[in-house]
Amino acid sequence: MNKQLLPGTLDWCVQQLQQQAVIAYPTEAVFGLGCDPDNEKSVMELLAFKQRPVEKGLILIAADYQQLEPYVSDRELSVVQREKMFATWPGPVTWVLPALPQTPRWLTGRFDTLAVRVSAHPAVQALCRAFGKPLVSTSANLSGQPPCRNVEEVLQQFGKHFPVLHGETGGRLNPSEIRDIISGDIIRQG
């Protein structure tokens, strides 16, 4: 028996991801655009939506650190660096970590690093757990438009049939802070 999945639900969004779609979903501050990080076609479609060059690199968002380990070079981190990172997770801090050599260039761009975050948002946690891996994460907005903060804004910018996980953002005003694990520098204030 093939059950009908309702648009906007978790199971439906996971099915969309499995079918190589780009979806929108609520995060701590804004809606994010996401897709399967291992699918080059999906990532290129997401970059086209954003009019974003691949060289800039992307962020991966996950339910836990184990989901990120296939992409980052954990052995390059010191105990102190790991403690500093884990003290902010799950939460709205994105860390730039050394990437593994096999991490796709469509994720790292021109860098040998990858920006990653373990989110505390329940919808992100559920989505990444149900999908079984992290998602590419960038703000849901077309170039020159403000980031979407609710389902209606996503549908206005991307069209009424765009796949969206229905839910609320976490209420934060600013996007995640981005920090470099090696230098300790803050790249984007949160």
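Coordinates for the structure precede this section.
Nothing here was measured: the structure is a model prediction, and the numbers come from that model. Numbering of residues starts from 1 in every chain and runs along the sequence as written. Per-residue local features are limited, in this predicted model, to residues with pLDDT of at least 70; the limit for side-chain atom pairs, both in listing and counting, is 80 or more; totals at the level of whole chains, interfaces and linings are taken over all residues. Hydrogens and waters are ignored; side-chain quantities use all the structure's heavy atoms.

Some details on the pairing of strand E7 (residues 177-180)
Working step 1: Whether two strands pair depends on DSSP finding at least two bridges between them. In DSSP terms, a helix is any run of H or I states spanning at least four residues, a strand is any run of E spanning at least two, and both are numbered starting from the N terminus. Pairing of strand E4 (residues 93-98) with E7, which is carried by four bridges, proceeds in the parallel orientation. Looking at E7, one finds that Val-93 is bridged to Glu-177.
Working step 2: Inspection of the sheet shows E7 paired to strand E8 (residues 186-188) by two bridges, in the antiparallel sense. By the bridge assignment, Arg-179 is partnered in E8 with Ile-186.
Working step 3: Hairpin connection of E7 to E8: five residues between the antiparallel strands, including Gly-184 at a positive phi of 85°.

Overview of the pattern of salt bridges
Working step 1: Salt bridge, as used here: a side-chain nitrogen of Lys or Arg that lies within 4 Å of a carboxyl oxygen of Asp or Glu. Enumeration according to the criterion identifies seven salt bridges in this entry.
Working step 2: A salt bridge links Asp-64 to Arg-129; the nearest nitrogen and oxygen atoms lie 3.0 Å apart. Of this pair, Asp-64 sits in the loop between strand E3 (59-62) and helix H3 (65-68) while Arg-129 is found in helix H6 (residues 122-131), placing the two residues 65 residues apart along the sequence.
Working step 3: One network of salt bridges, in which partners are shared, links Asp-36, Asp-38 and Lys-133.

Structural notes on the sheet that holds E3
Working step 1: As summarised here, the arrangement of the eight strands in space is E1-E2-E6-E3-E5-E4-E7-E8, forming an open sheet in which the pairing is mixed. Looking at the sheet topology across the chains shown, the edges are occupied by strand E1 (23-26) and E8. On average, each strand axis in the sheet is tilted by 40° relative to the strand beside it, whichever way the strands run.
Working step 2: Relative to strand E6 (residues 135-139), strand E2 (residues 31-34) runs antiparallel, the two being bridged by two bridges. What sits directly across from Leu-33, in E6, is Thr-138. Helix axes are fitted only over the stretch in contact, all axes being lines through C-alpha atoms; the angle between N-to-C directions runs from 0 to 180 degrees.

So, the side chain of Asp-180
Working step 1: Within the fold, Asp-180 resides in strand E7.
Working step 2: Relative accessibility decides the category of a residue: with a 1.4 Å probe and only protein chains considered, values under 20% of the type maximum give buried, values over 50% give exposed, and everything between is partly exposed. His is not counted here, nor are the chain ends, while Lys and Arg score as positive and Asp and Glu score as negative. One buried charged residue, Asp-180, forms no salt bridge at all, with the nearest opposite charge on Lys-84 at 9.4 Å.
Working step 3: There is a polar contact of 2.7 Å between the side chain of Asp-180 and the backbone nitrogen of Ile-182. Any pair of N or O atoms that falls within 3.5 Å is considered a polar contact. Within protein, one atom must be able to donate a hydrogen and the other to accept it, and sequence-neighbouring residues count only if both atoms are side-chain atoms.

Examining the pairing of strand E5 (residues 113-118)
Working step 1: Counting buried residues in E5 gives five out of six residues, a clear majority hidden from the surface.
Working step 2: Pairing between E3 and E5: four bridges, direction parallel. Residue pairing across strands places Leu-60 opposite Val-116, the latter belonging to E5.
Working step 3: By the bridge criterion, four bridges tie E4 to E5 in an arrangement that is antiparallel. Opposite Trp-95, over in E5, you have Val-116 as the bridge partner.

Overview of H6
Working step 1: Where H6 is concerned, the buried positions are Ala-123, Val-124, Gln-125, Leu-127, Cys-128 and Phe-131.
Working step 2: Packed against the buried residues of H6 are helix H1 (10-18), E1, E3, H3, E5 and E6.
Working step 3: Of the residues flanking the end of H6, it is Gly-132, one or two places downstream, whose phi is positive at about 90°. Any pair of residues with heavy atoms lying within 4.5 Å of one another is described as a contacting pair.

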